[in-house]
Amino acid sequence: MSNKMWGGRFTSAPDAIMEEINASIGFDQRLYAQDIAGSKAHAAMLAAQGIIAAEDAQKIQDGLDTILSEIEAGSFTFRRELEDIHMNVESRLAELIGASAGRLHTARSRNDQVATDFRLYVRDTVDALDAQLADLQKALAEKALANAATVMPGFTHLQTAQPVTFGHHLMAYVEMTARDRSRLKDARARLNECPLGSAALAGTSFPIDREATASALGFARPTANSLDAVSDRDFVMETLSAASICAVHLSRFAEEVVIWTSPSFGLVKLSDAFTTGSSIMPQKRNPDAAELVRAKAGRIIGALTGILVVMKGLPLAYAKDMQEDKEGAFDALSALSLVVAASAGMVRDLTPDAERMKAAAGQGYSTATDLADWLVRALNIPFREAHHITGRIVGIAAEKGLALEDVPLADMKAVDARINDDVYSVLSVECSVNSRVSYGGTAPSQVRTQAERWLKLLNGE
Ligand code: ARG
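Residues numbered from 1 in each chain as written. Predicted model: local features only at pLDDT ≥ 70, side-chain atom pairs only at ≥ 80, totals over all residues. Heavy atoms only, no water.

**Here we look at the overall build of the protein**
- Across its full length, the protein holds 18 helices and six strands.
- Against the 2.2 N^0.38 benchmark of 23 Å for 461 residues, the protein shows a C-alpha radius of gyration of 31 Å, more extended than a compact globule.
- Taken along the three principal axes of its C-alpha coordinates, the protein extends 100 × 50 × 40 Å.
- Split into buried and exposed, the 461 residues of the protein put 49% on the buried side.
- When contacts within the protein are restricted to residue pairs at least 6 apart in sequence, those whose partners lie at least 24 apart make up 74%.
- On the protein, the mean spot of the 47 positive side-chain charges and the mean spot of the 59 negative ones are 2 Å from each other. (Helix = DSSP H or I, 4+ residues; strand = E, 2+ residues; numbered from the N terminus. Rg over C-alpha atoms; globule rule 2.2 N^0.38 Å. Buried < 20%, exposed > 50% of the residue type's maximum accessible area, 1.4 Å probe, protein only. Contact = heavy atoms within 4.5 Å. Lys, Arg positive; Asp, Glu negative; His and termini not counted. Charge placed at Lys NZ, Arg CZ, Asp CG, Glu CD.)

**Points about the site of the ligand**
- Around the ligand sit Ser24, Asp28, Asp84, His86, Arg110, Asn111, Val114, Tyr318, Lys320, Gln323 and Lys326, and that is every residue in its neighbourhood.
- Here a nitrogen atom of the ligand sits 3.1 Å away from a polar atom, N or O, in the side chain of Asp84.
- Separating a nitrogen atom of the ligand from a side-chain N or O atom of Gln323 is a distance of 2.8 Å.
- With three residues, the top contributor of residues to the shell around the ligand is helix H6 (residues 110–146).
- Class assignment of the residues belonging to the shell around the ligand gives a composition of two nonpolar, four polar and five charged. (Near = heavy atom within 4 Å. Polar contact = N/O pair within 3.5 Å; in protein donor to acceptor, adjacent residues only side chain to side chain. Nonpolar A, V, L, I, M, F, W, Y, C, P; charged D, E, K, R; others polar.)

**Some thoughts on the layout of surface pockets**
- In this structure, the largest pocket occupies an estimated 350 Å³ of space.
- Residue lining of the largest pocket: 14 residues in total, with Thr261, Ser262, Pro263, Val268 and Arg285 positioned closest to the centre.
- Listing elements by their share of the lining of the largest pocket, those giving two or more residues are helix H10 (234–261) and strand S5 (268–269).
- Of the residues in the lining of the largest pocket, the class split is five nonpolar, five polar and four charged. (1 Å grid on protein atoms, 1.4 Å probe; cavity = no way out; pocket = protein on both sides within 12 Å on 5 of 7 lines; lining within 4 Å. Points joined across faces, edges and corners; volume = space filled by probe spheres on them.)

**Focus on the environment of Thr77**
- Along the chain, the position of Thr77 falls in the loop between helix H4 (54–73) and helix H5 (85–97).
- Considering only alpha carbons, one finds Thr77 and Arg92, 15 residues apart in sequence, at a separation of 9.1 Å.

**Examining the nonpolar core**
- Grouped together as the largest cluster of nonpolar side chains are 92 residues, with contacts concentrated most on Phe118, Leu240 and Leu336.
- Looking at which element gives the most residues to this core, the answer is H10, with 14 residues.
- In this structure, Leu240 is in contact with Ala303, Leu304, Ile307, Ala329, Ala332 and Leu333, ignoring residues within four places of it in sequence.
- Judged by nonpolar contacts, the second largest core, of 21 residues, contains Val394, Ile396, Ala397 and Val415. (Core = buried A, V, L, I, M, F, W, Y, C linked by side-chain atoms within 4.5 Å.)

**Some points on a nonpolar patch on the surface**
- The grouping of Leu201, Leu227 and Leu316 at the surface amounts to a nonpolar patch, some 280 Å² of accessible area in total.
- Along the polypeptide, Leu316 turns up in the loop between helix H11 (288–311) and helix H12 (326–349).
- Taking the relative accessible area as the measure of exposure, Leu316 reaches 65% and is therefore exposed. (Patch = residues over 30% accessible without salt bridge, like charges linked within 9 Å, V, L, I, M, F, W, Y side chains within 5 Å. Areas by Shrake-Rupley, 256 points an atom, 1.4 Å probe, with all protein chains shown as cover. Salt bridge = Lys/Arg side-chain N within 4 Å of Asp/Glu carboxyl O.)

**Description of the pattern of salt bridges**
- Counted according to the given criterion, the structure contains 28 salt bridges.
- Across the pair Lys40 and Asp65 runs a salt bridge whose closest N-O atoms are separated by 2.4 Å. You can see Lys40 sitting in helix H3 (residues 32–48) and its partner Asp65 sitting in helix H4, a full 25 residues away along the chain.
- Residue Lys40 is classed as partly exposed on the basis of its relative accessible area, which comes to 24%.
- In this structure, the salt-bridge partner of Lys358 is Glu430, at a minimum N-O distance of 3.0 Å. Taken as a pair, Lys358 in helix H13 (residues 354–362) and Glu430 in helix H17 (residues 429–435) lie far apart in primary sequence, 72 residues in all.
- Since its relative accessible area comes to 37%, Lys358 is described here as partly exposed.

**Observations regarding the packing of helix H7 (residues 166–191) against helix H18 (residues 444–460)**
- Running from N to C, H7 and H18 point in directions that differ by 40°, and their axes come no closer than 10 Å. The two elements H7 and H18 meet at a crossing, and its hand is left-handed. Between H7 and H18, the contacting residues are Gly167, His168, Met171, Val174, Glu175, Ala178 and Arg181 on the first element and Val447, Gln450, Ala451, Arg453, Trp454 and Leu458 on the second.
- Its residues placed into classes, the contact of H7 with H18 shows seven nonpolar, three polar and three charged. (Axes fitted to C-alpha atoms, helices over the stretch in contact; angles between N-to-C directions. Left-handed = near helix turned anticlockwise from the far one by under 90°.)

**Some points on H4**
- Counted at 1.5 Å a residue, the expected span for H4 with its 20 residues is 28 Å, and the 29 Å between its end C-alpha atoms agrees.
- Looking only at H4, the buried set comprises Asp56, Ala57, Ile60, Gln61, Gly63, Leu64, Ile67, Glu70 and Ile71.
- Close packing links the buried residues of H4 with H3 and H5.
- Gly74 occupies a position one or two residues after H4 and carries a positive phi of about 80°. (Expected span 1.5 Å × (residues − 1).)

Worth remembering: the numbers are spatial, not functional.
Structure, rendered in structure tokens:
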């Protein structure tokens, strides 16, 4: 039997393998709520414009409501021979209300329908992600406030560089997440135009009201070019770009959790809630959630690459290639949602080991820059010369196996006679972080200001 939705000029059914490669119902059934919302808005507009009769429109609305509850109750049968969500819904509508169902597809095509459905889906997903990202920021800022004065080693090249505060380090991720949210918000604003009414590619001869359907579906406006509207998947590419950058950020955080929790570092502990044991090594506590957050960036970036390659070189307007826009995006956006939730969970779960952090912060002469800065400030020595003097003092400390703050004054004076007792006031890790009061610096006072500013913003949202 040929397809009853479009099979007028067909005499036989598609080959089984044709049906298999062609059908999208296996994955696009996820768009059911958006598809039904789009159809309801379209039917109401058709009736308001006098294109279909009010009685037909009413039957269509009631039928679509029934279908929505059937799908939500799990009693709806999705049929592969009906290809996709659009024809599954329309076919069921015909079973429920008869001939009136055939009027729903007036002045539209599956091309503008799917573009509308998918924009609505991506918009909903972006909104849900934004709320999750705000929660992650809150978790980070709260932990940062509690650890505004917890000293830890700051690294460059993963070598101990200068002492920083743990709160400051966590607040770095609040800033990164803020940019992620702002990128998603930009993507949302650009995608929020309604393709419905563009029909197959050229628009329609029916006197439709595109402003009405656009506003019924919460879009800012209708799209202005029908060819563009049915063949544009920028909204997928752009959202997945923002999602990929966000996933990359969280993979960096996850990697830090892996490093910090390794017994060789031992800077942070995760509880039983966010670790797993080993089946052979009883002592192990593995940071699997962090590792998976780190790894899932791979599939999110993969989905972005996938859609970019699908769209590259595709002539206008719609082509079936574009049906390949969905699975990768569904998978990537679900993965990101999980990654954000797991990251927030880990942030709330983790406990810094303040003692070990402080000891590690002092390793490797991490206050050497403080010494050089002191020489500049207190003795008016040019920085380059101060750098040189400090290098020699570090050399003495290394030779004697001492921390910088334990090098005797006599040894320092032997390097430069101008050095006095005051120098010891800058050599501890606490003094070091307390002195970094420049805007955006690591001093506890700065961290508190930033964390409080963010928490106020986040709690007001
Ligand atoms: N399932 C299709 C998709 O996801 C819907 C649009 C089909 N349009 C068409 N002209 N065959 O892209």
